[in-house]
Each structure stands twice: as structure tokens, then as C-alpha cells.
Amino acid sequence: MNTARIELHLHLDGSLNIMWAYKKALERGVIDSSSSFEDFYDLLYSNNGSHSAQSIKKFDLVCDLLQHYEDLSDATYDLAERLNNMGIIYAEIRFASQHHTKKGLTQLEALKAVRDGANRAMADMPIKLGIINCLMHKGDSAAFNMEANLETIEVTRKLLDNTVLALDLAGFENNCDFREYAPLFTKAREYHIPYTIHAGEMGDGSHILDAIEMGAWRIGHGVNCIQNEKYIEALLENGIPLEVCVSSNVKTTLNYASHPVRYMIDRGLKVTLNTDNMIFSRSDLINEHNIMRSLGVSEDTLMQCTFNALDAAFCDEGTKMYLLGRIVG
């Protein structure tokens, strides 16, 4: 059984080493000096419920830990090391540079820090990495966060290379008309920046159609495509890969059998398997594959999901050929 795996949807802030995060929280004064590890653990998981605006606030704590250049760089390196030790050969790590400017960093400096951590990791390990910078839903309209999102596009353009690869749109997707974000992606296309969009995760499956209309190369989650046959048909017609994160979607119910991933695969959608957030999903990519096996998904199907991920990756063709050799070799 080939254990080479590819991770396309993994948030840096949601995938920290918990003990490192606890020590860093004490060092940076993010939590009270008297807080125990158990107290910190409870803080991390206190809002770990269904997808809602409230549950997303759990990311505020971990983002507060990542407000210094060296911390962002070290956290990226540490995540890469853990992924490499799992046998993951390629990972696209996403974060929002606009969330890391509370202590004086600019968005550009935050992105440079994460790129630095990724490049250091690739110099020391065989894993290949890419960075995706996230635009964010905030407020009650796209206008509320437009300035910060436009800056995210600009800094990504400046650093776009073989490590900084793409943009994303993340956050609570039900705050306004999804199509209000279209001008951001018009700008991204003008700059030739590829992008994925979270859609059909926590809201109406029609957001998938909006994301396709806005030119998404991939769609994050997309599980609500099952709400309407026309959403599935649009994904099939456009060949849009889906970044499916099973444990993240089932959340506290842990009813894996109810997740539509098997149906999505059977319908011929380009499913890739991912973790989303290693802390909050209490999972990793090895576990996600094992869950799929427990649901009766065959090794051939799991391998096809890996090939789908390879095909959908934002890296260049030379890197894809290298990764293909590691998968089939």
C-alpha cells in the first residue's frame, strides 16, 4: 500500500502543535501566567461546535499566538516537519496574512514569515510545500473588509513564486451575498494569481455556483453540492476539484457514515481528501484515509483521490512530475 499523500486544504492557525502553542501563549502573554495546559486546552475547544460565526471565533486565540515573524516562521516549519513525518509528500498550507498584524507586522511581513518557514522546511526535508493566502469574509458585507482583502491580493502578487502559490476566500460564508466578493477575483485574475474558494461548506449549496462563476480553480469543502442536482452537474461540467475535509464537517456528531463523500465520489466528482484543521478537527491526513477505509472506500479509490489532489495542486509541472514519481515509485 502506497502511503504517499497530498494535503491541499490545511490551515496553519488551526494546525499548531498544541504544546508549542501553550508555551507560546504563556511567553507572549496571550493567556494568564497561572493558566495550566488543561485550561488552555479548554479554551481551544470551548467553541468547537457546529459551523457558525461563533465557532469561527476559536481561531482568534491561535491567531493571537502568531503575531511575530519568528513565531509564524517557526510554526510553519513545525507543521511541515509533522507532515513530513506522516509521509505527506506535498502540502498547501493556508493562512490569512491580514490576521497577523496586531503587533506591528505588515501583511507583507507576515507572508514573508510563513514563506521563510516553508522554505527552511523544504531545505531540510523531502516534503514540498505551497502557501495559500486567505481573503476573509468579515462584517455584514464584502465592503466591510475590502481594504484588507485588496492588500492581501497585493502582497500575494509581490511574493508569488514557487512557494507562495495562490489565494483563498475563507471565513463565515453566510454574512452577505457571496457574489459581492467577485471584484476581488477579477483583480486576482488580472494578476494571474490562482485561487480556491470556500463554498458550500456552511451555507447554501448555491454558493458553489457563485464560486464557479467567479472563476474558482478549486472549491474548499463543497459538501452542500448534494442539495441540488444542478450544483453537482456544474461541478462535473467544469471539472472543479473539491477539497473535502470529512472530520471537519462532521464536527461533534462524529457521524462519519452520514457524510456525503462516498456519494460525491460515486457521482464522479473530483474529490480530494484533506484535514482542514488538525487541532480543531482532532485529525490528520492519515486518520482521514483510515476513516475512509472504515467506511468501505477501496484502496484504488483512495489512490484516485491522491491523483486528483496531484492534478489539482497549484504547484508547477516540474514539482508535479517529482511528486508523481514518489507516488508511483
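Owing to the predicted nature of the structure, the values given are computational and were not obtained by experimental measurement. (Residues numbered from 1 in each chain as written. Predicted model: local features only at pLDDT ≥ 70, side-chain atom pairs only at ≥ 80, totals over all residues. Heavy atoms only, no water.)

Section: the packing of helix H13 (residues 285-294) against helix H14 (residues 299-312)
In the contact formed by H13 and H14, the axes pass within 10 Å of each other and the chain directions differ by 145°. Of the two elements, H13 crosses H14, and the hand of that crossing is right-handed. Contacts from His289, Met292 and Arg293 in H13 reach Glu299, Leu302 and Thr306 in H14. Looking at the contact of H13 with H14 residue by residue, the class counts come to two nonpolar, two polar and two charged. (Axes fitted to C-alpha atoms, helices over the stretch in contact; angles between N-to-C directions. Helix = DSSP H or I, 4+ residues; strand = E, 2+ residues; numbered from the N terminus. Left-handed = near helix turned anticlockwise from the far one by under 90°. Contact = heavy atoms within 4.5 Å. Nonpolar A, V, L, I, M, F, W, Y, C, P; charged D, E, K, R; others polar.)

Concerning the packing of aromatic side chains
Here the structure, examined in full by the defined rule, presents eight aromatic pairs. A ring pair is formed by Tyr41 and Tyr45, whose centres lie 4.6 Å apart and whose planes are at 45°; its orientation type is tilted. Separated by four residues within a single helix, Tyr41 and Tyr45 lie in helix H2 (residues 37-45), roughly one turn from each other. Taking relative accessible area as the criterion, Tyr45 reaches 12% and is therefore assigned buried. A centroid spacing of 4.6 Å and a plane angle of 35° characterise the contact between Phe185 and Tyr195, whose relative ring orientation is tilted. Placement of the pair is Phe185 in helix H8 (residues 182-190) and Tyr195 in the loop between H8 and strand E5 (196-199), with a sequence separation of 10 residues. Note on Phe185: relative accessible area 0%, which makes it buried. (Phe/Tyr/Trp six-rings, centres within 6.5 Å; stacked < 30°, edge-to-face > 60°. Buried < 20%, exposed > 50% of the residue type's maximum accessible area, 1.4 Å probe, protein only.)

Quick word on the sheet that holds E5
Taken together, the four strands give an open sheet; going across it, the order is E5-E6-E7-E8, and neighbouring strands pair in parallel fashion. Among the strands making up the open sheet, the edge pair consists of E5 and strand E8 (271-273). Neighbouring strand axes in the sheet, compared pairwise and without regard to direction, differ in orientation by 30° on average. Note: strand E7 (residues 242-244) against E8, three bridges, orientation parallel. Bridge pairing in E8 places Leu242 opposite Val271. (Pairing = 2+ DSSP bridges.)

Re unusual backbone geometry
The phi angle of most residues is negative, glycine excepted, and most peptide bonds adopt the trans form. With a phi angle near 80°, Asp276 is a residue other than glycine that sits in the positive phi range. Position of Asp276 among the secondary structure elements: in the loop between E8 and H13. With a phi angle near 50°, Arg282 is a residue other than glycine that sits in the positive phi range. Residue placement: Arg282 occurs in the loop between E8 and H13.

So, the side chain of Ser283
Relative to the helices and strands, Ser283 is located in the loop between E8 and H13. A relative accessible area of 7% places Ser283 in the buried class.

So, helix H1 (residues 18-27)
All buried positions along H1 are accounted for by Ala21, Tyr22, Lys24 and Ala25. Each element contacted by the buried residues of H1 is listed here: H2 and helix H5 (69-85). At the N-terminal boundary of H1, the capping side chain belongs to Asn17, with an oxygen 3.1 Å from the backbone nitrogen of Met19. At the C-terminal side of H1, Gly29 shows a positive phi close to 70°. (Polar contact = N/O pair within 3.5 Å; in protein donor to acceptor, adjacent residues only side chain to side chain.)

Things to note about helix H6 (residues 107-124)
A rise of 1.5 Å per residue sets the reference length of H6, with its 18 residues, at 26 Å; its end C-alpha atoms lie 26 Å apart and thus fit the reference within 8%. Buried within H6 are the following residues: Gln107, Ala110, Leu111, Ala113, Val114, Gly117, Ala118 and Ala121. Viewed along the axis of H6, the buried residues span an arc of 155°, placing them on a single side of the element. Facing away from the buried side of H6 by more than 90 degrees, the exposed set consists of Ala123 and Asp124. Where H6 is buried, its residues contact H5, strand E2 (88-95), strand E3 (128-136), helix H7 (146-159) and strand E4 (164-170). (Expected span 1.5 Å × (residues − 1). Arc of directions from axis to C-beta.)

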